[in-house]
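Survey of secondary and tertiary structure
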Protein chains: 2
Amino acid sequence: MQKNILIAQSGGPTAAINATLSGVIREGLRHEVIGNIYGALNGIQGALERRLIELKSQLTTEKQFKMLESTPAMALGSCRYKLPAYDKSPAVYEEIRNIFHKYGIGYFFYVGGNDSMDTALKLSDYFTACNDDIRVIGLPKTIDNDLYGTDHTPGYGSAAKFIATAMAEIARDCDAYNLNSVTIVEIMGRNAGWLTAASVLPRKAGAAVPQLVYMPEVPFDLSAFLNDVKRLHAERHTVLVAVSEGIRFADGRYVSESEQSDVTDSFGHRYLSGAGKLLERLVAENLGCKVRSVELNILQRCSSHLLSATDINEARCVGQAAVQFALEGRTGVMAAIKRAKNEPYAFDIGTVPLKEVAGLERRFPLEWITPSGNDLTDDVFPYLLPLIAGEIQSPTVNGIPEFFNFNKAVV
Amino acid sequence: MQKNILIAQSGGPTAAINATLSGVIREGLRHEVIGNIYGALNGIQGALERRLIELKSQLTTEKQFKMLESTPAMALGSCRYKLPAYDKSPAVYEEIRNIFHKYGIGYFFYVGGNDSMDTALKLSDYFTACNDDIRVIGLPKTIDNDLYGTDHTPGYGSAAKFIATAMAEIARDCDAYNLNSVTIVEIMGRNAGWLTAASVLPRKAGAAVPQLVYMPEVPFDLSAFLNDVKRLHAERHTVLVAVSEGIRFADGRYVSESEQSDVTDSFGHRYLSGAGKLLERLVAENLGCKVRSVELNILQRCSSHLLSATDINEARCVGQAAVQFALEGRTGVMAAIKRAKNEPYAFDIGTVPLKEVAGLERRFPLEWITPSGNDLTDDVFPYLLPLIAGEIQSPTVNGIPEFFNFNKAVV
């Protein structure tokens, strides 16, 4: 008997998340035991609201699949809804089960980060407890690369490639002038420095930048930072600094918090901004040289014009493998990337129990940070380099990216 | 008798400025009357400090030329030095003339914006007054597209393509969530809205964004802005706003001025940033919905991983034509792009007297702004679309851009 697939996307956007969706649809189309392939709009929240659309008929050509794979952010929409615990809200679980039965769902794929894996785990546990053969597979997705159980996460490679490229370009921009300057590039990552780590990749393309790297994993010291800059200015004009948005003082406060609590502007408004802006002001006030801060901002997660071919390929493979795992009877697992070897780079897709992933954050290895706490060791390169390898020519029309749009008529 | 070329780059970086340098060197190599080709490090300031390097021997392969053409920001370095008037500082002019004689310079090429054209004009007038046959040609370069005498400026097309691409991607990121939100994208442009105008280009790739566009050419009204957002939220979740850094109130004050102290650069230009942040705060305080601002920042001018093929080709042609104009005996002129036709797009390189360009700013046409002042008319498209056409695969190594580096040993 045929059963149907339901797939949904959740959490923060990445540039690779639709390649995983593409992989699920591609593989779903290959198996006769699979009937319809539905997408829930806006994650599990949309599933609860019965906002399901039919996907199979919407992707009929390789060109459409390719366009979907280079479309950034959730093509099905996202949500930040976290499923409550079963004993708090059993009705929500029953409602989901009813909806899944109504639509003949036998396989549920949830693409997201650690919160989404928590939702997938809860549903999987619930269906198992009900003796209901609805298989739930989590699919990893986050630019933050902070999921346990997988060597790295789809979406991270493309974000890392954007950050590395932007750093290389910004370094050239900084060097154009023959005067002392400091440029502070603020990179996403609230608790883990994985994205900030990508800032050192230009060193593998002949550019010795950045000179300073500050990660959330190391307590941040304002006077040590100023001394670092002063020391570097003795030997060079331009100092390029990569800083994670999530750097914290030794007492655990985010550096960006001091902005929000202490500083007000001329209207008496609180000045809301990040770690980069604070360091910019600190340099201006204490060192008096030209200084600017650059927030790479949301382009880090949505710049589909600069994808890692490795990342998009892996994201698609994760989706394809997930369908196979579900058909093999697996449930309550996340599809995970296993690094087979580095040279040449090779990977496999395996599984990891969702309970080993859900709600946890994987930090950047402390041993890859130099003892001084303001730079990384060369150990990062064998890990990072394969993940940003390869370019993709994303489709354009009139010189502008052309993205895939689903017909969102609810079935 | 052979004479030598001196070329220098000035002002703010662009992603196309080295394609013009490449064009000058390519063409210089073709003519036997040209001896050496020198580059001054850091513009006319470097020339005054006798920091000249030899270029001819450093570019011997097509691969090197191509790499130079996709290297962002001045490969020779830049300066913000403005030549004083002759009657104020005749000694500076005599010093430059001595240096030019010492190095046998017969042709001086200065690549820059309107301030650099002012320097070129002053030198050209001086050499002419001295009856000295040193020919001075200005070469346009600015992402701001605000130079008179040329249909558009090299560097603008690539910046416009980056802005259009980023807007298209950010629009997808915004639409991922099913809740009311406002995203304000702040785009460069002190006095002219040319760059902000590029934000509407995604409309030619199927994305009806942004919903609101605010240009420096139209007085900005805070309450009208809030009403615009409120009106749009009645019909849609996400409102995407493109705003120029240089928007001003009706009384002429920059919107960003309330954010900043009166910092000016060495030309007396006010240092701007923060219009987007101010609007972000305004929306948060008055409308209470999710809001964020994104500053596209310096990637607009240095993102060489996303070049307009048209722009790079034109930038190179401008350099090549400038050498031909100098050899024909022209001086005191700027090489300028003349649009021949739109479909298919074709251009010629002509000349325009530097005195019609120097120190002037070309504004965005008011008739291309809608009467409501918060959007553009479709008249922008025939002008803009050809300028962003075509993609270039810039060279990479290890997945990261590979840039050209001159040996900067002074001759």
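Look up a bit, the structure's there.
First, a word on scope: everything that follows refers to the structure included in this document.

About the criteria used
- Residues numbered from 1 in each chain as written.
- Chains lettered and ligands numbered in written order.
- Predicted model: local features only at pLDDT ≥ 70, side-chain atom pairs only at ≥ 80, totals over all residues.
- Heavy atoms only, no water.
- Buried < 20%, exposed > 50% of the residue type's maximum accessible area, 1.4 Å probe, protein only.
- Helix = DSSP H or I, 4+ residues; strand = E, 2+ residues; numbered from the N terminus.
- Pairing = 2+ DSSP bridges.
- Right-handed = clockwise from strand over helix to strand, strands pointing away.
- Axes fitted to C-alpha atoms, helices over the stretch in contact; angles between N-to-C directions.
- Left-handed = near helix turned anticlockwise from the far one by under 90°.
- Contact = heavy atoms within 4.5 Å.
- Nonpolar A, V, L, I, M, F, W, Y, C, P; charged D, E, K, R; others polar.
- Buried area = accessible area lost by both parts, 1.4 Å probe.
- Salt bridge = Lys/Arg side-chain N within 4 Å of Asp/Glu carboxyl O.
- Polar contact = N/O pair within 3.5 Å; in protein donor to acceptor, adjacent residues only side chain to side chain.

Some points on the pairing of strand β2 (residues 34-40) of chain B
All names here are of chain B. Counting buried positions along β2 gives six out of seven residues, so the element sits mostly inside the fold. The sheet contact formed by strand β1 (residues 3-9) and β2 spans four bridges and is parallel. Within β2, the residue paired with Ile 7 across the bridge is Gly 39. Handedness of the crossover is the feature at issue here: the chain leaves β1, passes through helix α1 (residues 17-28), returns alongside β2, and the resulting connection is right-handed. Where β2 lies against strand β3 (residues 52-54), three bridges are found, and the strand directions are antiparallel. By the bridge assignment for β3, Ala 40 is matched with Leu 52.

Topic: the packing of helix α8 (residues 222-233) of chain B against helix α9 (residues 275-286) of chain B
Residue and element names in this part refer to chain B. Packing of α8 against α9 brings their axes to within 11 Å, and their N-to-C directions diverge by 65°. For the crossing formed where α8 meets α9, the hand is right-handed. Where α8 abuts α9, its residues Leu 222, Phe 225 and Leu 226 lie against Leu 278, Leu 279, Leu 282, Val 283 and Asn 286. The residue makeup of the contact of α8 with α9, split by class, is seven nonpolar, one polar and no charged.

Focus on the sheet that holds strand β4 (residues 105-112) of chain A
Residue and element names in this part refer to chain A. Taken in spatial order, the seven strands line up as β3-β2-β1-β4-β5-β10-β11 in an open sheet, and their pairing is mixed. Edge positions in the open sheet fall to β3 (52-54) and β11 (345-353), since each of these has one partner strand only. On average, adjacent strands in this sheet sit at an angle of 30° to one another, irrespective of strand direction. Those strands touched by helix α12 (residues 309-327) are β1 (3-9), β2 (34-40), β4, β5 (135-140), β10 (333-342) and β11, and its axis lies near 40° from that of β11.

Structural notes on the interface of chain B and chain A
If you look at the interface, chain B gives 65 residues, while chain A gives 67 residues. Across the chain B to chain A interface the summed buried area is about 5200 Å²; carbon plus sulfur atoms make up 55%. Of all residues in chain B, Glu169(B), Arg172(B) and Tyr177(B) give up the largest surface area on contact with chain A, accounting jointly for 15% of the area buried on that side. Where chain B touches chain A, the interface holds two salt bridges. Between Arg301(B) and Asp173(A) there is a salt bridge whose closest N-O contact spans 2.7 Å. Run the count over chain B and chain A and you get 25 residue pairs in polar contact (both at pLDDT 80 or more). Every element with two or more residues in the side of chain B that touches chain A is listed here: α6 (156-175), α9, β9 (290-295), α10 (299-302), β12 (396-397) and β13 (400-401) of chain B. Take the side of chain B that touches chain A: its biggest share by element is ten residues, from α6(B).

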